[in-house]
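# Residue-level structure breakdown
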Amino acid sequence: ELHPNYIKTTRDAVNNPPVLTDEGLVENFVSGRAFPFEPDLNDPRAGEKMAWNYQYGYNWGDNAAICPFFWKYRDMRSAKIERQIRWCFHFLNWMHRVNQDPVPEFAENPAKLFRSVYAIAFEPFDLRNTQLLIHRYKNDLKRDDAWLYLGFQRRVRRLATGQITDAFLGTDVMIEDFEGYNNRVTDYNWKFLGNTQTIMPFYHHNDMELATDLPKEQDGYQYIDFHGYGGCFPKGNYELRKAYILEATPKDPNHPISKRVIHVDAQTYTLPRQAVFDKKGDLWKSFHICQAYPDTHHPDNKGSGVSIDDCFFQVDVQRQHCTTGQFKGLLDPALNPPSLFTVQGLRKRAR
């Protein structure tokens, strides 16, 4: 079950529902699932509505801290781990909040931000203090602002729009890939292709075989383990789930991909599985995000109703290379104060 507040605010809006404008924006929306009814193949904007359900969904709830967050670059043929990064990632919803005060939004938000993402690297030494900050605005026609602080350069620089689709720090992942999709809804054309029953990585974290190659946290938390070809696949159960098939095509002709084919989990509106195709239309990457039940994950997440992102693996099938992620995600607002998500904070924390 999703959190009761999320369900309630969705139901409260049924008689006065949000509106999808001709420009592709959502108006008259407070919180919950913007378009809660079953998508209809006869509705030409069904895919667009599904994209907004994800964008305004309960993915990580109102805030989250993923810390520590271990990324590993792996050569699939040799199973060699080429590099490991230890991060902390933080997420904060400024608007459309359902569970944690202030609800439904922060009163002090002059820039009209919808969501912010902040990340900082601690290891290895050459990436230490590398930081990323992303601001997404309520107005989806306004481009995100993003800044990168490179520790070895000791300066903040604004990221150009095209850089969110570059390989991020040599991984198989683009900034646009974060959480399954991390960009504006209006940057893509969205098409609903129908329903399916498919297996996706949903499991009870504490019942899985957990990793021994990473240190156990002081609170006893252990990470999902990886195995299989190249060490690229998690030792986690898969469930048979109802999913919606969503095709996303970038509007920018210079975008490095031709399309994403995404399996959207029908209950949670998370994006646990997708295929990414290159400019020629050939399969390029396979991307999965593991989902853990909150009541059998970390004790701090119990009762949250959030489908917890618990690991990821993105496989470049053409290069036979993968990037994997193992992490501890906590839904604790004390870990995500608004002051964390400022450009001034990038400089301060790097001193």
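As a reminder, the structure under discussion sits directly above these lines.
Let us look at the structure shown here. (Residues numbered from 1 in each chain as written. Predicted model: local features only at pLDDT ≥ 70, side-chain atom pairs only at ≥ 80, totals over all residues. Heavy atoms only, no water.)

### Observations concerning the nonpolar core
Counting residues in each nonpolar core, the largest one holds 49 residues, and the members touching the most others are W71, W87, F89 and L132. Looking at this core, the elements that each hand over two or more residues are β3 (63-75), β4 (80-93), β5 (113-123), β6 (131-137), β7 (145-150), β16 (283-292), β17 (308-316) and β18 (321-330). Other than its neighbours up to four places away in sequence, W87 contacts I66, C67, P68, F69, W71, A119, I120, A121, F122, T130, F168 and L169. The next biggest cluster of nonpolar side chains, apart from the first, holds 30 residues, and it includes A51, F114, L246 and Y269. (Core = buried A, V, L, I, M, F, W, Y, C linked by side-chain atoms within 4.5 Å. Buried < 20%, exposed > 50% of the residue type's maximum accessible area, 1.4 Å probe, protein only. Helix = DSSP H or I, 4+ residues; strand = E, 2+ residues; numbered from the N terminus. Contact = heavy atoms within 4.5 Å.)

### Quick look at the pairing of β5
Along any regular strand the residues' side chains alternate between the sheet's two faces. For β5, the buried fraction is high: nine of the 11 residues fall into the buried class. As paired elements, β4 and β5 share eight bridges and run antiparallel to each other. Within β5, the position partnered with F89 by the bridge is A119. Pairing analysis gives seven bridges linking β5 to β6, with the strands arranged antiparallel. (Pairing = 2+ DSSP bridges.)

### Some thoughts on the side chain of R33
Mapping R33 onto the fold places it in the loop between β2 (26-27) and α2 (46-55). Here R33 is buried and forms no salt bridge, its nearest opposite-charge partner D265 lying at an N-O distance of 7.3 Å. Excluding anything up to four places from it in sequence, R33 contacts L2, Y6, T10, N53, A266, Q267, T268 and Y269. (Lys, Arg positive; Asp, Glu negative; His and termini not counted. Salt bridge = Lys/Arg side-chain N within 4 Å of Asp/Glu carboxyl O.)

### Structural notes on a nonpolar patch on the surface
A contiguous nonpolar surface patch, about 310 Å² in accessible area, is contributed by I199, Y238 and L240. Relative to the elements of secondary structure, L240 occurs in strand β13 (residues 239-250). (Patch = residues over 30% accessible without salt bridge, like charges linked within 9 Å, V, L, I, M, F, W, Y side chains within 5 Å. Areas by Shrake-Rupley, 256 points an atom, 1.4 Å probe, with all protein chains shown as cover.)

### Topic: the pattern of salt bridges
One side chain can pair with another of opposite charge once the charged atoms of both are near each other. Summed over the entire model, instances satisfying the criterion amount to 23 salt bridges. We note a salt bridge from K8 to D12, for which the minimum N-O separation is 2.9 Å. With K8 and D12 both in helix α1 (residues 4-12) and four residues apart, this pair spans about one turn of that helix. As a salt-bridge pair, D43 and K49 come within 2.8 Å of each other at their nearest N and O atoms. What makes D43 partly exposed here is its relative accessible area of 23%. Via salt bridges that share partners, R143, R184 and D187 belong to a single interconnected network.

### Things to note about α2
Among the 10 residues in α2, nine count as buried, and that is most of the element. Within the span of α2, buried status applies to A46, G47, E48, M50, A51, W52, N53, Y54 and Q55.

### Some points on the packing of aromatic side chains
The geometry of an aromatic ring pair comes down to the distance between the two centres and the angle between the two planes. Under the criterion given, the structure shown has 29 aromatic pairs. Pairing F69 with F312 gives two aromatic rings, centres 6.1 Å apart and planes at 85°, and the pair type is edge-to-face. Separated by 243 residues along the polypeptide, F69 in strand β3 and F312 in strand β17 bring together distant segments of the chain. Summarising the burial analysis for this pair, F69 and F312 share the class buried. These aromatic residues form a ring-pair network of at least three members: W60, F69, W71, W87, F89, F91, F168, F178, F287, F312 and F327. It is K142 that lies over the ring of Y137; its NZ or CZ is 4.0 Å from the centre. Lying over the aromatic face of F277, K259 brings its terminal NZ or CZ to 4.9 Å of the ring centre. (Phe/Tyr/Trp six-rings, centres within 6.5 Å; stacked < 30°, edge-to-face > 60°. Lys NZ or Arg CZ within 6 Å of the ring centre and 35° of its normal.)

### Structural notes on α1
For α1, the full list of buried residues reads Y6, T9 and T10. Angularly, the buried residues of α1 cover 105° about the axis, an arc narrow enough to put them on a single face. Turned more than 90 degrees from where α1 packs its buried face, P4, K8, R11 and D12 sit exposed. (Arc of directions from axis to C-beta.)

### With respect to the state of the cysteines
Within the structure shown, the criterion is met by three disulfides. Here C232 is linked by a disulfide to C322, with a sulfur-sulfur distance of 2.0 Å. Taking the torsion about the sulfur-sulfur bond, which here is approximately -80°, the covalent link between C232 and C322 counts as left-handed. Of the two residues, C232 sits in the loop between β11 (226-227) and β12 (233-234) while C322 sits in strand β18, which places them 90 residues apart along the sequence. (Disulfide = S-S within 2.5 Å.)

### A few points about unusual backbone geometry
For the bond from D101 to P102, the omega torsion is 0°, close enough to zero to count as cis. The topology assignment puts P102 in the loop between β4 and β5. P104 follows V103 through a cis peptide bond whose omega is 5°. The topology assignment puts P104 in the loop between β4 and β5. Of note in this structure, H96 is not a glycine but carries a positive phi near 60°. Structurally, H96 can be placed in the loop between β4 and β5. With a phi angle near 60°, K112 is a residue other than glycine that sits in the positive phi range.

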